[in-house]
Amino acid sequence: MEPAPPTSPAEDAAGPTRFPCGACGSALTFQPGKSVLECGHCGHQQALDVSDPHLAAEHDFEAALAAKPRASAAEVYGTAQQYHCETCGASSSTDKKSDHCPFCGAPVVLQDAPNEAFPPETVLPFHVDKRSAVEAFSAWVQGLWFAPNELQQNAKSDRVDGVYIPYWTYDADTFTRYSGSYGIDRVVTDTDTDDEGNTTTTTRVETDWYPKSGTVSVAFDDVVVCASKSLPHELIDELEPWGLEDLRPFDPAFLSGFLTERKAIDLRDGYALAQEKMDPGIHAAICHDLGGDRQRVDSKSVAYSDIKFKHFLCPVWVSSFRYNDKVYRFAVNGRTGELSGERPYSAAKIAAAVLTGLAILGSVVYILSQQ
Ligand SMILES: [Zn+2]
Ligand SMILES: [Zn+2]
C-alpha cells in the first residue's frame with residue numbers, strides 16, 4: 001500500500017529517519033506547495049512523489065476497540081524518544097513525531113513508536129509556506145476592528161511553527177427514536193374597552209402543542225475530530241474544512257523540517273467528541289420530522305452502527321503574540337491559509353465605539369422629537 005519513497009531515507013534501527021542531501025549530505029526539508037525536498041545548506045532539490053490523492057482506508061471502530069480496548073498512555077501520548085542528531089551529533093529527546101534538534105536546528109523525523117496505537121496512514125502535506133502564514137497574520141491584525149493601535153502597528157508574531165496536528169474522522173449510521181411535540185402558532189386578537197369607552201386591539205401569538213414520537217435515520221461521513229490538546233478546539237475547529245480528498249499516503253519526508261505532534265486523544269474519546277459533533281445533525285432531523293412551527297424534543301435514544309474511522313495529520317502554522325502580558329494564540333490552515341485567532345480588545349476603542357453609537361442614537365431621538 002505504501003509506495004517506496006523515491007528519496008530512499010536511511011533508517012537506523014531506533015534512530016530518526018534521515019533525508020540526506022544527495023549533493024552535500026546535509027538534512028533535506030519538505031517545501032510547502034512544491035513536490036520537493038530542499039537542502040537548507042546548498043539549495044539542492046530532490047523530487048518527492050506526491051502524485052496520487054489517496055482514499056484513506058477506513059477501519060472498523062468496534063473491531064479496533066476489541067483489538068486494543070484502551071491504548072496505554074504511552075501508546076496514545078507517545079513517550080519521549082532519545083535520538084542522536086545526524087548533523088551535530090548531540091543526544092536529545094522529544095515527545096514529538098518530528099522535531100528540530102535543539103542544538104543545531106536540524107530536522108529530525110522519528111520512526112513510529114514500536115507499540116504506537118494507530119499510527120497515521122495519511123497526511124495533508126503543507127501547501128501554504130511560512131511567509132504566507134506570517135502575511136495572513138499581519139493582514140488579520142490590520143483588519144481587527146477593536147484591536148489596540150499598538151498591536152496593529154507592531155503586528156509581529158515571535159515565532160511561527162509549522163506543526164502537523166493529529167486528527168481522527170468518524171463515519172456512522174444513526175437510527176434515533178424520539179418523543180417530543182410540535183407547536184402550531186395562531187394569532188389571537190384581544191379587544192379591550194376602558195372606562196371611558198375607548199377600544200384598543202392587540203394581537204399576540206399563541207402556540208398549540210401536539211405530542212408526537214417517531215424515528216429518524218441520519219448517516220454521517222468524515223466527522224473530523226482534532227486528536228491534539230495543545231490548542232483550544234474552538235480555535236482549531238475554525239480552520240475546517242480540511243479538504244480530505246487531498247490526503248496523501250503517509251510519507252515521513254513530508255514531516256522533515258516540521259514539528260509533528262503525537263495524538264493526545266485516543267480512539268474512544270475521539271469518538272465521544274465525534275458524537276457531540278453529530279448531535280446537532282440528529283436534532284435537526286428530528287425537528288424536521290416533527291414539523292409544525294415550533295418543535296420540542298423531550299427525549300431521544302440514538303443507535304450508532306457501521307462506525308468507521310481513520311487517522312491522519314493536518315498541517316497548521318501555529319504562533320502566538322503577547323500583548324499587555326497576556327498571550328494570544330493563532331493558527332493558520334496549512335492547506336487553505338484560513339486563519340483563526342484569539343485577540344485582545346482595546347478598551348479605549350470599544351468605549352469610543354459605544355460613545356459614537358450613543359451619539360447617533362441621541363441625534364435620532366432628538367430629530368424624532370422635533371417632528
Ligand atoms: Zn546540500
Ligand atoms: Zn543537531
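To be clear, the structure that these remarks concern was listed above.
Just so you know, these numbers come straight off a predicted model, no measurement behind them.

S.K.: Would you mind going over the overall build of the protein in detail, with residue names and values included?
M.R.: Helix and strand content of the protein: seven helices and 18 strands. Burial analysis of the protein (371 residues in total) assigns 30% to the buried set. Here the analysis covers contacts within the protein between residues at least 6 apart in sequence; of these, 71% occur between residues at least 24 apart.

S.K.: Please provide a residue-by-residue account of helix 6 (residues 267-290), values included.
M.R.: Along its 24 residues, helix 6 runs 34 Å from first to last C-alpha, staying within 8% of the 34 Å computed at 1.5 Å per residue. At Met 278, helix 6 shows its largest kink, close to 30°, and the proline Pro 280 lies no more than four residues downstream. Leu 267, Gly 270, Tyr 271, Ala 274, Ile 282, Ile 286 and Leu 290 are the residues of helix 6 that are buried. Elements in contact with the buried residues of helix 6: helix 1 (61-67), strand 12 (161-193), strand 13 (199-226) and strand 16 (294-323). Directly beyond the C-terminal end of helix 6, a positive phi value near 70° is found at Gly 291.

S.K.: Kindly report on the pairing of strand 17 (residues 326-333), identifying the contributing residues and their values.
M.R.: Examined bridge by bridge, strand 16 and strand 17 share eight bridges and lie antiparallel to one another. Paired with Tyr 323 across the strands is Lys 326, a residue of strand 17. With antiparallel pairing between neighbouring strands as the criterion, strand 16 and strand 17 make up a hairpin whose turn holds two residues, including Asn 324 at a positive phi of roughly 50°. Summarising the sheet, strand 17 and strand 18 (residues 339-341) pair through three bridges and their orientation is antiparallel. In the sheet register, Ala 331 faces strand 18, and the bridge partner there is Ser 340. Between strand 17 and the antiparallel strand that follows it, strand 18, lie five residues; Gly 337 among them carries a positive phi value of about 85°.

S.K.: Just give me the short version of the pairing of strand 8 (residues 91-94), but keep the residues and values in it.
M.R.: Relative to strand 8, strand 7 (residues 81-84) runs antiparallel, the two sharing four bridges. Across the sheet, residue Gln 82 finds its bridge partner in strand 8, namely Ser 93. The antiparallel hairpin formed by strand 7 and strand 8 contains six residues in its connecting segment, where Gly 89 sits at a positive phi of about 85°.

S.K.: Explain the nonpolar core to me, using residue names and the numbers behind them.
M.R.: Grouped together as the largest cluster of nonpolar side chains are 60 residues, with contacts concentrated most on Tyr 170, Val 316 and Ala 331. No other element matches the eight residues that strand 16 contributes to this core. Excluding residues that lie within four positions of it along the chain, Ala 331 makes contacts with Leu 231, Leu 235, Ile 236, Leu 239, Val 316, Trp 317, Val 318 and Ser 340. One finds Val 216, Ile 282, Ile 286 and Leu 290 within the second-largest nonpolar core, a separate group that totals five residues.

S.K.: Give me the sheet that holds strand 3 (residues 28-30): which residues, what numbers.
M.R.: Read from one edge of the open sheet, three strands run 3-4-5, paired in antiparallel fashion. Since the sheet does not close on itself, it has two edges, and those belong to strand 3 and strand 5 (45-47), each with one partner. Looking at each pair of strands side by side, their axes are set apart by 30° on average, direction ignored. Bridge analysis of strand 4 (residues 36-39) against strand 5 gives three bridges, and the strand direction is antiparallel. By the bridge assignment, Leu 37 is partnered in strand 5 with Gln 46.

How each quantity is defined
Residues numbered from 1 in each chain as written. Chains lettered and ligands numbered in written order. Predicted model: local features only at pLDDT ≥ 70, side-chain atom pairs only at ≥ 80, totals over all residues. Helix = DSSP H or I, 4+ residues; strand = E, 2+ residues; numbered from the N terminus. Buried ≥ 20, exposed ≤ 12 C-beta atoms within 10 Å, placed from the backbone. Contact = placed C-beta atoms within 7 Å. Expected span 1.5 Å × (residues − 1). Bend = angle between axes of the 7 residues up to and from the residue. Pairing = 2+ DSSP bridges. Core = buried A, V, L, I, M, F, W, Y, C linked by C-beta atoms within 7 Å. Axes fitted to C-alpha atoms, helices over the stretch in contact; angles between N-to-C directions.

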